[in-house]
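These are the residues of each chain, in order.
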Amino acid sequence: MTYKVVAYNVASSIAIKNCASALNLKPLFSDSDEVFLEYGQHQFVYVFQYGMLSFFNMEAQEISNVMATLKDYSKGFTKKAIAEDIDVIISKDKTEVRFDAVVLPFFNQEMIRLVMLNASQSVALERYGNISEALLEETNNHTEYLEAHGKLNISGQKLKKFIGKVLNLKNKISENLYIFDAPDITWEDEQLNNLNIELKKGFDLKDRYHLIHDRLEIIKENLELFKDIMDHKESSRLEWIIILLILVEVVDMFLLKFI
């Protein structure tokens, strides 16, 4: 039997506590960051507070209905959602993670939840990867201008906003991605733990996370340099203001003396 898991990034955040009642579905697992819901027989919806939705064995119209309902409980909702899908194949006594499918030995709710969780993390990494790539490109534009003209083409206020954007991205990644943490359900079940490890490898989560982390470190180093240049420029400006004030005072003293 073959089923399909589809994960979407639909918003910047979703109000988790309202999802179950809004959708009128039974929660199978819930905490402050996520809620796992039973939609129907062998059908599940997984909602994450950082704007991710994952669906198991659901038709396109059913998915659209859920998205439409949760739109009112979402911040920054978008129709241009990043998506990823993977097949889940039930094959007796066999567990395998391939690039296009996950093979499970039997129909197990917790195994399916792990597949949905890792698929959602993969889409989140795609989203954060796109943002970090755009930030790095913008940073490179400033460094190229600095090389060509010997000065920055960004104001102090814009630089502060840029730094804030990078810090917010780092915070969101740290808060929302569980790349290096095993979910609680895997702690006492070796089979679930092994499946989780293989899923992380199959979705290439750790390498993709490290790529984003390295980009942000490069951006951070550049921004620190920009800030030092700005501080030096501001310091030089203040020094010249002080020198001019002293000169004005000296000239004023001479004028008073001769008058």
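Being a predicted model, the structure only gives us computed values, none of them experimental.

Caption draft 1: Spotlight on helix α5 (residues 190-202). In a regular helix each residue adds 1.5 Å, so 13 residues correspond to 18 Å; α5 covers 18 Å between its end C-alpha atoms and thus fits that length. Those residues of α5 lying buried are Leu192, Leu195, Asn196, Leu199 and Lys200. The arc enclosing the buried residues of α5, seen along the axis, measures out at 135°, which places them on a common side. Turned more than 90 degrees away from the buried face of α5, the exposed residues are Glu190 and Lys201.

Caption draft 2: Highlighting the side chain of threonine 186. With respect to the secondary-structure elements, threonine 186 resides in the loop between α4 (156-176) and α5. The exposure class of threonine 186 is buried, given its relative accessible area of 3%. Engagement of the side chain of threonine 186 in a polar contact is seen with the backbone oxygen of proline 183, the distance being 2.7 Å. Every residue in contact with threonine 186, bar those within four places of it in the chain, is listed here: Leu114, Leu192, Asn193 and Asn196.

Caption draft 3: Representation of a nonpolar patch on the surface within the structure. On the surface, a nonpolar cluster with roughly 270 Å² of combined accessible area is contributed by Ile243, Leu244 and Leu247. The topology assignment puts leucine 247 in helix α6 (residues 205-258).

Caption draft 4: Molecular detail of the pattern of salt bridges. By the definition in use, this model includes 10 salt bridges. For arginine 98, the salt bridge goes to glutamate 96, with nearest N and O atoms at 3.7 Å. Classification of arginine 98 by relative accessible area gives partly exposed; the value is 31%.

Caption draft 5: The nonpolar core, seen in detail. Ranked by size, the top nonpolar core spans 50 residues in total, and within it Val5, Phe56, Met116, Tyr128, Ile173 and Leu177 carry the most contacts. A per-element tally of this core places helix α3 (residues 109-149) first, with 14 residues. Not counting chain neighbours up to four residues away, the residues in contact with leucine 177 comprise Gln121, Ala124, Leu125, Tyr128, Lys172 and Tyr209.

Caption draft 6: Just the side chain of serine 120, in detail. The topology assignment puts serine 120 in helix α3. With a relative accessible area of 0%, serine 120 lands in the buried category. If near-sequence neighbours (up to four positions away) are discounted, serine 120 is found in contact with Ala7, Phe48, Tyr50, Met52 and Ser54.

Caption draft 7: Spotlight on the environment of leucine 23. With respect to the helices, strands and loops of the structure, leucine 23 is situated in helix α1 (residues 19-23). Look at leucine 23 and you get buried, because its relative accessible area is 14%. Separated by 47 residues in sequence, leucine 23 and leucine 70 place their C-alpha atoms 7.9 Å apart. What leucine 23 contacts, discounting residues up to four positions off in sequence, is Leu37, Val66, Thr69 and Leu70.

Caption draft 8: Looking closely at the pairing of strand β8 (residues 82-90). Bridge count for strand β1 (residues 2-9) against β8 is eight bridges, and the pairing is antiparallel. In the sheet register, valine 6 faces β8, and the bridge partner there is aspartate 85. Strand direction decides the pairing type here: β8 and strand β10 (residues 101-104), joined by four bridges, are parallel. Within the sheet, the bridge partner assigned to aspartate 87 lies in β10 and is alanine 101.

About the criteria used
Residues numbered from 1 in each chain as written. Predicted model: local features only at pLDDT ≥ 70, side-chain atom pairs only at ≥ 80, totals over all residues. Heavy atoms only, no water. Helix = DSSP H or I, 4+ residues; strand = E, 2+ residues; numbered from the N terminus. Expected span 1.5 Å × (residues − 1). Buried < 20%, exposed > 50% of the residue type's maximum accessible area, 1.4 Å probe, protein only. Arc of directions from axis to C-beta. Polar contact = N/O pair within 3.5 Å; in protein donor to acceptor, adjacent residues only side chain to side chain. Contact = heavy atoms within 4.5 Å. Patch = residues over 30% accessible without salt bridge, like charges linked within 9 Å, V, L, I, M, F, W, Y side chains within 5 Å. Areas by Shrake-Rupley, 256 points an atom, 1.4 Å probe, with all protein chains shown as cover. Salt bridge = Lys/Arg side-chain N within 4 Å of Asp/Glu carboxyl O. Core = buried A, V, L, I, M, F, W, Y, C linked by side-chain atoms within 4.5 Å. Pairing = 2+ DSSP bridges.

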